Amino acid sequence: MDELPYLTAGWVFLVGLYGMATSRNLVHQVMCLSVVQSATYVLLLSSGYRQGGLAPILIDAKPGSTTFVDPVVQALALTDIVVGAAVTALLLAIIVRVWRVKHTLDPDALTREES
């Protein structure tokens, strides 16, 4: 089944999106954002995968004689992982600052005006 990785990526995306929409905790929302981002890893790697494909090492291969996987997609997935880790670290640092100032992690409590 060729569309299974795409369905998996869509399912993981929707699960993370649901968690972000229903969560009442900022840390949980950041973790759900990481789940959403992991759907992009699955999507990227499945789009570059080729059945029977080999690593693109062209020492003895003749052009057109074998099928290779796409190395650009793998590089994009690695870049996506690094960016995701940086964004998660930044958001968690902001959450620590919010906790120190407001003493709450509830997003609704942050938007209410204090009287």
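No experiment lies behind these values; they were computed from the predicted model shown.

1. Things to note about the environment of leucine 45
Consideration 1: Relative to the helices and strands, leucine 45 is located in helix α2 (residues 26-48).
Consideration 2: In this structure leucine 45 touches Val73, Gln74 and Ala77, once residues within four positions along its chain are discounted.

2. A look at the confidence of the model for the protein chain
Consideration 1: Here the protein chain averages 87 in pLDDT, and 91% of its residues register 70 or above.
Consideration 2: Of all the helices and strands in the protein chain, helix α4 (residues 107-111) carries the lowest mean pLDDT, 84, while helix α1 (residues 4-22) carries the highest, 95.

3. Overview of α1
Consideration 1: Along its 19 residues, α1 runs 27 Å from first to last C-alpha, staying within 8% of the 27 Å computed at 1.5 Å per residue.
Consideration 2: Those residues of α1 lying buried are Ala9, Val12, Gly16 and Gly19. In a view along the axis of α1, the buried residues occupy a sector of 95 degrees, so they form one face of it. Of the residues in α1, the exposed ones pointing more than 90 degrees away from the buried face are Leu7, Trp11, Leu14, Tyr18 and Ala21.
Consideration 3: Structurally, α1 contributes buried residues whose contacts are with α2.

Cut-offs used in this document
- Residues numbered from 1 in each chain as written.
- Predicted model: local features only at pLDDT ≥ 70, side-chain atom pairs only at ≥ 80, totals over all residues.
- Heavy atoms only, no water.
- Helix = DSSP H or I, 4+ residues; strand = E, 2+ residues; numbered from the N terminus.
- Contact = heavy atoms within 4.5 Å.
- pLDDT = per-residue confidence, 0-100.
- Expected span 1.5 Å × (residues − 1).
- Buried < 20%, exposed > 50% of the residue type's maximum accessible area, 1.4 Å probe, protein only.
- Arc of directions from axis to C-beta.

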